[in-house]
Amino acid sequence: MAETMLELKNVEAGYGEFRVLHGINLRVDKGEIVALVGPNGAGKTTTLRTILRMTTLYNGEIRFKGKDIRHLPTHKIVEEGVTMVPEGRGIFNPLTVYENLVAGAYTKKAQEKMDDTLEFVFSLFPRLKERRNQIAGTLSGGEAQMLAIARAIMSRPEVLMFDEPSLGLAPKIVLEVFDTVVKLRDEANMTILIVEQHVKNSLEIADRAYVMEMGQIVLEGEGKALLNDERLKKAYLII
Ligand SMILES: Nc1ncnc2c1ncn2[C@@H]1O[C@H](COP(=O)(O)OP(=O)(O)O)[C@@H](O)[C@H]1O
Ligand SMILES: [Mg+2]
């Protein structure tokens, strides 16, 4: 059986007094793509932020490769091997593509491997290599998303989390983003947890998926099986 990379047990979390997650149980095994879908405001972003310890945790367990990471600060969790491509991308607009990539390799381990990782992300995204000296703020939406993904890879994660990577992108670019996610699993040995609005696309590439509503997991299963689930079809109008 594959190693469990991420495990959340009964996680209750939120922002200060405001509780958002009401007992989340979720697992991501090595080599999987796991999708987390659900309506706006369900708590998907909060779940990813909770894993990186950017929220208030009231209760529950969070483990990375069996290790309790509840008491680590965010940068230590990144060092352990969990990184997120945040919603809205979070790249540094005034810096060049290259400077953004270097900024992503901020842990000691990542710095040591930086030349190799740069070569890898440039092979994954040749356009970024062409544009390495361009100011990030002048990239197209698709290129900026590639840069956000590439920057996250620079920290050499074992688990890469995506928060709505296709938001605001043209349909053709959306497909490229999904292709990239599959490539990262198959060719770069990464384990993926992806939050997406494009429910159909994400269930198609996901090994397993969780459906979240109002801070709770209401449905889980294999991605392809969920695609045919009547409740989900109704809720998300999947054709
Ligand atoms: N920084 C924050 N402070 C307070 N409440 C927040 C914050 N971010 C999100 N929320 C609230 O938490 C709930 C879940 O939000 P979120 O996790 O962003 O949902 P999703 O990503 O599924 O759309 C919403 O009610 C939202 O208003
Ligand atoms: Mg969100």
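Residues numbered from 1 in each chain as written. Chains lettered and ligands numbered in written order. Predicted model: local features only at pLDDT ≥ 70, side-chain atom pairs only at ≥ 80, totals over all residues. Heavy atoms only, no water.

**Student:** For helix H8 (residues 171-188), give the residues involved together with the corresponding values.
**Tutor:** End to end, H8 covers 25 Å across 18 residues, agreeing with the expected 26 Å (1.5 Å per residue, within 8%). Where H8 is concerned, the buried positions are Ile 173, Val 174, Val 177, Phe 178, Thr 180, Val 181, Leu 184 and Arg 185. Buried residues in H8 make contact with strand S3 (33-37), helix H5 (114-124), helix H7 (141-153), strand S7 (159-163), strand S8 (191-195) and helix H9 (199-205). Two residues or fewer after H8 comes Asn 189, characterised by a positive phi angle close to 65 degrees. (Helix = DSSP H or I, 4+ residues; strand = E, 2+ residues; numbered from the N terminus. Expected span 1.5 Å × (residues − 1). Buried < 20%, exposed > 50% of the residue type's maximum accessible area, 1.4 Å probe, protein only. Contact = heavy atoms within 4.5 Å.)

**Student:** For the sheet that holds strand S6 (residues 82-85), give the residues involved together with the corresponding values.
**Tutor:** In space, the six strands of this open sheet follow the order S6-S7-S8-S3-S9-S10, with mixed pairing throughout. Among the strands making up the open sheet, the edge pair consists of S6 and strand S10 (216-222). Neighbour to neighbour, the strand axes of the sheet diverge by 20 degrees on average, direction disregarded. Here S3 runs beside strand S9 (residues 208-213); their pairing, made up of four bridges, is parallel. Bridge pairing links Val 37 to Val 211 in S9. H7 contacts S6 and S7 of the sheet and is inclined by roughly 170 degrees relative to S6. (Pairing = 2+ DSSP bridges. Axes fitted to C-alpha atoms, helices over the stretch in contact; angles between N-to-C directions.)

**Student:** Tell me about the environment of Asn 59, and please be specific about residues and values.
**Tutor:** Relative to the helices and strands, Asn 59 resides in strand S4 (residues 56-64). Under the relative-accessibility criterion, Asn 59 is labelled partly exposed at 43%. Along the backbone, Asn 59 and Lys 9 are 50 residues apart, and their C-alpha atoms lie at a distance of 9.0 Å. Filtering out sequence-adjacent residues up to four positions away, Asn 59 remains in contact with Asn 10, Val 11 and Glu 12.

**Student:** Can you explain the packing of aromatic side chains? Please cite residues and give values.
**Tutor:** Across all of its chains, the model carries zero aromatic pairs by this definition. Lying over the aromatic face of Tyr 58, Arg 19 brings its terminal NZ or CZ to 4.0 Å of the ring centre. For Arg 151, the ring lying beneath its charged end belongs to Phe 92, and the centroid distance is 5.2 Å. (Phe/Tyr/Trp six-rings, centres within 6.5 Å; stacked < 30°, edge-to-face > 60°. Lys NZ or Arg CZ within 6 Å of the ring centre and 35° of its normal.)

**Student:** Summarise the pattern of salt bridges; cite the residues concerned and give the values.
**Tutor:** Overall, the coordinates contain 15 salt bridges when judged by the stated rule. Among the salt bridges present, the one from Lys 172 reaches Glu 176, with a minimum N-O distance of 3.7 Å. With a gap of four residues between them, Lys 172 and Glu 176 both fall in helix H8, about one helical turn apart. Between Lys 200 and Glu 204 there is a salt bridge; the shortest N-O distance is 3.4 Å. Here the residue Lys 200 and the residue Glu 204 both occupy positions in helix H9, the gap between them amounting to four residues, near one helical turn. Through salt bridges with shared partners, one network takes in Arg 127, Arg 131 and Glu 143. (Salt bridge = Lys/Arg side-chain N within 4 Å of Asp/Glu carboxyl O.)

**Student:** Please give an account of the site of ligand 1 that cites residues and values.
**Tutor:** Taken together, Tyr 15, Phe 18, Val 20, Pro 39, Asn 40, Gly 41, Ala 42, Gly 43, Lys 44, Thr 45 and Thr 46 form the complete shell of residues around ligand 1. Contact distances for ligand 1 include 3.5 Å between a nitrogen atom and a side-chain N or O atom of Tyr 15. A distance of 3.2 Å is found between an oxygen atom of ligand 1 and a backbone nitrogen or oxygen belonging to Ala 42. For ligand 1, the protein covers 60% of the area, taking 560 Å² as the surface of the free molecule. Elements with a minimum of two residues in the shell around ligand 1: strand S2 (18-29) and helix H1 (44-51). Among the elements that take part in the shell around ligand 1, H1 stands out by supplying three residues, more than any other. Taken together, the residues of the shell around ligand 1 sort by class into five nonpolar, five polar and one charged. (Near = heavy atom within 4 Å. Polar contact = N/O pair within 3.5 Å; in protein donor to acceptor, adjacent residues only side chain to side chain. Areas by Shrake-Rupley, 256 points an atom, 1.4 Å probe, with all protein chains shown as cover. Nonpolar A, V, L, I, M, F, W, Y, C, P; charged D, E, K, R; others polar.)

Geometry only, nothing functional implied.
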